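Chain by chain, the residues run as shown.
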Amino acid sequence: MLLSPPRVLCLSGLDPMGGAGLQADIETLAAHRIHTLSLVTALTVQDSRNVRRVVATDPALLDEQLSVLLADAQPDAVKLGLLGSAAQLPVIAAHLARLSVPVVCDPVLRAGGGAALVADGFPDALRGQLLPLVTVLTPNAAEARRLVPDGVDLAGCGAALLADGCARVLITGGDEPGASVVNHSYGRDMTTRRWLWPRLPETFHGAGCTLASAIAARLALGDSVDDAIDAGQRWTQAALARAIAVGGGRRIPGRMPA
Ligand code: PLP
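Keep in mind that what you see is a predicted model, and the values were worked out from it rather than measured. (Residues numbered from 1 in each chain as written. Predicted model: local features only at pLDDT ≥ 70, side-chain atom pairs only at ≥ 80, totals over all residues. Heavy atoms only, no water.)

Some thoughts on the overall build of the protein chain
Basically, it comes down to this: Only runs of H or I of at least four residues qualify as helices and only runs of E of at least two qualify as strands under DSSP, and these elements are numbered from the N terminus. Put simply, the radius of gyration uses C-alpha atoms, and a globule should come to 2.2 Å times the residue count raised to 0.38. We call a residue buried when its accessible area falls under 20% of the maximum for its residue type, exposed when it is over 50%, and partly exposed in between, using a 1.4 Å probe and counting protein chains only. Pairs of residues are marked as contacts when any of their non-hydrogen atoms sit within 4.5 Å. The protein chains shown are the only cover counted for residues, whose accessible areas, like all others here, come from Shrake-Rupley with a 1.4 Å probe. In summary, the charge assignment counts Lys and Arg as positive and Asp and Glu as negative, without counting His or the chain termini. For this purpose, a charge sits on NZ of Lys, CZ of Arg, CG of Asp or CD of Glu.
Tallying secondary structure elements over the protein chain gives 8 helices and 9 strands in all. Here the C-alpha atoms of the protein chain give a radius of gyration of 17 Å, agreeing with the 18 Å that 2.2 N^0.38 yields for 258 residues. When its C-alpha atoms are laid out on the principal axes, the protein chain stretches across 50 × 40 × 35 Å. Each of the 258 residues in the protein chain was classed as buried or not, and the buried ones make up 52%. Look at the contacts in the protein chain between residues 6 or more apart in sequence, and 67% of them connect residues 24 or more apart. Total accessible area on the protein chain stands at roughly 11,300 Å², and carbon and sulfur atoms take up 56% of it. Of the side chains in the protein chain, 22 bear a positive and 24 a negative charge, and the two mean positions are spaced by 6 Å.

Now the structure itself:
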């Protein structure tokens, strides 16, 4: 056992069902033998079907927590999930700018059950303030289209998000129709990669959080961005294949050690 394991700093919402958010991060990172530095960006009221309410953390509290934490412990990577409000963005950006580690950002905008999780101006604020600091952005197709409403297609959305400053965009297709789930990554050198995954019969809660955390885990372990995106998808697909039922709605990725 490592005395000083790699660490990933996670800023995510708390889902009492334990499927998405910070618990998804902690479980995914623990499965990779990585320690999580945990910051709660929002408390939520939800079940396995949908989110009913999001209560954002006070940005001043987040700032104080980050200052105290980062004065004592340095992360090897950062993962951003649901951010409670646009007012948190300048605080988070200021701390990220002082770290020189890879940042994975899952731009959580809407719950799989349909509930809006952020206010109207949030997508533009995220693009302007955070994307220049992001290494890998992991929107699903609906999130990519909401972030880039004037994108002609998903490739156009990817190009616009790269132009905002992030290094790589992985657009996942779990929320699109089709027998396979088709994921695309877009890089600044204009390279596109495509993955086809068999579509599993269930619907899932917390799949996107699990994927972004698995990519952050691989980056913290020293993988290249390409390898991390590959390995993160493989790990998540395996977790979805052994998904567990906790509530009566969607299933939760099986992240516990086999
Ligand atoms: N709650 C929290 C805290 C989340 O971070 C997310 C998504 O990232 C959700 C709920 C919604 O998850 P899903 O769309 O997988 O149900």
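Some thoughts on the packing of helix 1 (residues 21-31) against helix 7 (residues 207-220)
Operational definition: Angles run from 0 to 180 degrees between N-to-C directions of axes, and those axes are lines fitted to C-alpha atoms, restricted for helices to the stretch in contact. Oblique is the label for any angle not covered by the other classes, which are roughly parallel (under 35 degrees), roughly antiparallel (over 145) and roughly perpendicular (65 to 115). Crossings are classed by handedness, with left-handed meaning an anticlockwise turn of the near helix from the far one by less than a right angle and right-handed meaning a clockwise turn.
Contact geometry for helix 1 and helix 7: axes closest at 9 Å, N-to-C directions at 40°. By the angle between their axes, helix 1 is oblique relative to helix 7. When the axes of helix 1 and helix 7 are compared, the crossing they make is right-handed. Contacts between helix 1 and helix 7 involve G21, A24, D25, T28 and L29 from the first element and C209, T210, S213, A214 and A217 from the second.

Here we look at the pairing of strand 4 (residues 77-80)
A regular strand places its side chains on the two faces of the sheet in alternate fashion. Quick note on the threshold: When DSSP finds two or more bridges between two strands, those strands count as paired. By the criterion used throughout, a crossover qualifies as right-handed when its path from the first strand across the helix to the second strand runs clockwise, the strands pointing away from the viewer.
Taking every second residue as pointing to the same face, both faces of strand 4 are buried, with A77 and K79 on one and V78 and L80 on the other. One ladder, built from 4 bridges, connects strand 1 (residues 7-14) with strand 4; its direction is parallel. Opposite L11, over in strand 4, you have L80 as the bridge partner. Across 3 bridges, the pairing between strand 4 and strand 5 (residues 103-105) is parallel. Of the residues in strand 5, the one forming a bridge with L80 is C105. For the handedness criterion, the β-α-β arrangement of strand 4, helix 3 (residues 89-97) and strand 5 is classed as right-handed.

A look at the pattern of salt bridges
Using the following cut-off: Definition used for salt bridges: Asp or Glu carboxyl oxygen within 4 Å of a side-chain nitrogen of Lys or Arg.
A complete count under the given rule lists 10 salt bridges for this structure. Across the pair D47 and R52 runs a salt bridge whose closest N-O atoms are separated by 3.7 Å. The class of D47 is partly exposed, set by a relative accessible area of 22%. The shortest N-O distance in the salt bridge between D164 and R127 comes to 2.5 Å.

Thoughts on the site of the ligand
Note the following rule: Here a residue is considered near a molecule or strand provided that any single heavy atom belonging to it is located within 4 Å of it. Each polar contact in these results corresponds to two N or O atoms within 3.5 Å; when the atoms are within protein, one needs to be able to donate a hydrogen and the other to accept it, and residues that are neighboring in sequence are counted only if both atoms are side-chain atoms.
Residues in contact with the ligand amount to 13 residues; listed here are only the nearest, Q46, G112, H205, G206 and R250. At 2.8 Å, a side-chain N or O of Q46 approaches a nitrogen atom of the ligand. Take G112: an N or O atom from its main chain is 2.6 Å from an oxygen atom of the ligand. Burial of the ligand by the surrounding chains reaches 92%, relative to a free accessible area of 400 Å².

What about a nonpolar patch on the surface?
We apply this condition: To count toward a patch, a residue needs a relative accessible area over 30% and no salt bridge; like charges are then connected within 9 Å, while nonpolar side chains (Val, Leu, Ile, Met, Phe, Trp, Tyr) are connected within 5 Å.
Side chains of L14, L43 and V55 sit close together on the surface and give an oily, nonpolar patch of about 230 Å² of accessible area. Here L43 lies in strand 2 (residues 35-46). Taking relative accessible area as the criterion, L43 reaches 49% and is therefore assigned partly exposed.

Observations concerning the sheet that holds strand 5
The strand order across the open sheet built from 9 strands is 3-2-1-4-5-6-7-8-9, with neighbouring strands paired in mixed fashion. The open sheet has two edge strands with one neighbour each: strand 3 (51-56) and strand 9 (192-198).

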